[in-house]
Amino acid sequence: MKMQLREKLDHLTLLELFWTEPKIANPEDGYWCYETQDEAGTFIRFGIDIIQESVQIDLKVAENSLLTFTYELVESLEIIDRERGKFAFTVAPQINAIKTRIEIELRPCIKIQGYTLRNDY
């Protein structure tokens, strides 16, 4: 299932994906932020800005920040597996020859993987 950020952000699907209500929800500003933690104590904060078409990811263990990413030009979120909380998004830069895809899994442990590929073959 694919959700367009600007057209059809399905909040019920995001609730089922994250297993929690958003920590921050500002519909008038177009911003939602979800927070969850896995069994190992890894914490993820996932923010979605539908007006700016951006995603923010903050990954922590205890109070120590491991990674903070911001991606712009995100058009949609793709739900891969609701049970495992697995979803992905593709960054669509203006240069169509390059695509970046980020996959996130929330359960049983938080995993983030991504890649950038050239499409000019």
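Everything below is about the structure shown above.
Residues numbered from 1 in each chain as written. Predicted model: local features only at pLDDT ≥ 70, side-chain atom pairs only at ≥ 80, totals over all residues. Heavy atoms only, no water.

Engineer: So what's going on with the overall build of the protein? Residues and values would help.
Structural biologist: When helices and strands are tallied, the protein shows one helix and ten strands. When the elements of the protein are put in sequence order from the N terminus, they spell out β-α-β-β-β-β-β-β-β-β-β. Against the compact-globule benchmark of 14 Å for 121 residues, the protein has a radius of gyration of 14 Å, which places it among compact chains. Taking the principal axes of the C-alpha coordinates as reference, the protein spans close to 40 × 30 × 25 Å. Taking all 121 residues of the protein together, the buried fraction comes to 42%. For the protein, long-range pairs separated by at least 24 residues make up 29% of all intrachain contacts whose partners lie at least 6 apart in sequence. Of the roughly 7200 Å² that the protein leaves accessible, carbon and sulfur atoms contribute 49%. With 14 positive and 21 negative side-chain charges, the protein shows a separation of 5 Å between the mean positions of the two kinds. (Helix = DSSP H or I, 4+ residues; strand = E, 2+ residues; numbered from the N terminus. Rg over C-alpha atoms; globule rule 2.2 N^0.38 Å. Buried < 20%, exposed > 50% of the residue type's maximum accessible area, 1.4 Å probe, protein only. Contact = heavy atoms within 4.5 Å. Areas by Shrake-Rupley, 256 points an atom, 1.4 Å probe, with all protein chains shown as cover. Lys, Arg positive; Asp, Glu negative; His and termini not counted. Charge placed at Lys NZ, Arg CZ, Asp CG, Glu CD.)

Engineer: How would you sum up a nonpolar patch on the surface? Please name residues and give values.
Structural biologist: Nonpolar side chains collect at one region of the surface, where Val-61, Leu-66 and Leu-67 lie side by side and expose about 230 Å² of accessible area between them. Mapped onto the fold, Val-61 is located in strand β5 (residues 54–61). (Patch = residues over 30% accessible without salt bridge, like charges linked within 9 Å, V, L, I, M, F, W, Y side chains within 5 Å. Salt bridge = Lys/Arg side-chain N within 4 Å of Asp/Glu carboxyl O.)

Engineer: Lay out the sheet that holds strand β10 (residues 111–118) in plain terms, naming residues and giving numbers.
Structural biologist: Taken together, five strands build an open sheet; the order of strands is β1-β7-β8-β9-β10 and the sheet is antiparallel. Looking at which strands have only one partner, the edges of the open sheet turn out to be β1 (2–4) and β10. Here the average twist between neighbouring strands, direction ignored, is 20 degrees. Alignment of β1 against strand β7 (residues 74–81), held across three bridges, turns out to be antiparallel. (Pairing = 2+ DSSP bridges. Axes fitted to C-alpha atoms, helices over the stretch in contact; angles between N-to-C directions.)

Engineer: Report on the environment of Arg-84, specifying residues and quantitative values.
Structural biologist: Inspection of the secondary structure assignment puts Arg-84 in the loop between β7 and β8 (86–91). It is 9.6 Å that separates the C-alpha atoms of Arg-84 and Ile-110, two residues lying 26 residues apart in sequence. Arg-84 has contacts with Glu-105, Leu-106 and Arg-107, leaving out every residue within four places of it along the chain.

Engineer: Describe in detail the nonpolar core, supporting the description with residues and values.
Structural biologist: Grouped together as the largest cluster of nonpolar side chains are 26 residues, with contacts concentrated most on Leu-14, Phe-46, Phe-89 and Ile-104. Contributions of two or more residues to this core are made by α1 (11–18), β3 (31–37), β4 (42–49), β5, β7, β8 and β9 (98–105). Discounting chain neighbours no more than four positions away, the residues touching Leu-14 are Met-3, Leu-9, Tyr-34, Ile-48 and Leu-77. (Core = buried A, V, L, I, M, F, W, Y, C linked by side-chain atoms within 4.5 Å.)

Engineer: Could you give an account of α1, with specific residues and numbers?
Structural biologist: Taken residue by residue, α1 has Thr-13, Leu-14, Leu-17 and Phe-18 as its buried positions. Buried residues of α1, viewed axially, fall in a sector of 120 degrees; they line one side. Turning to α1, the residues buried within the fold contact β1, β3, β4, β7 and β8. A distance of 3.1 Å separates the backbone nitrogen of Leu-12 from a side-chain oxygen at the start of α1, and that oxygen is part of Asp-10. Where α1 terminates, the next one or two residues include Trp-19, which has phi positive at roughly 60 degrees. (Arc of directions from axis to C-beta. Polar contact = N/O pair within 3.5 Å; in protein donor to acceptor, adjacent residues only side chain to side chain.)

Just distances and angles here, no functional claims.
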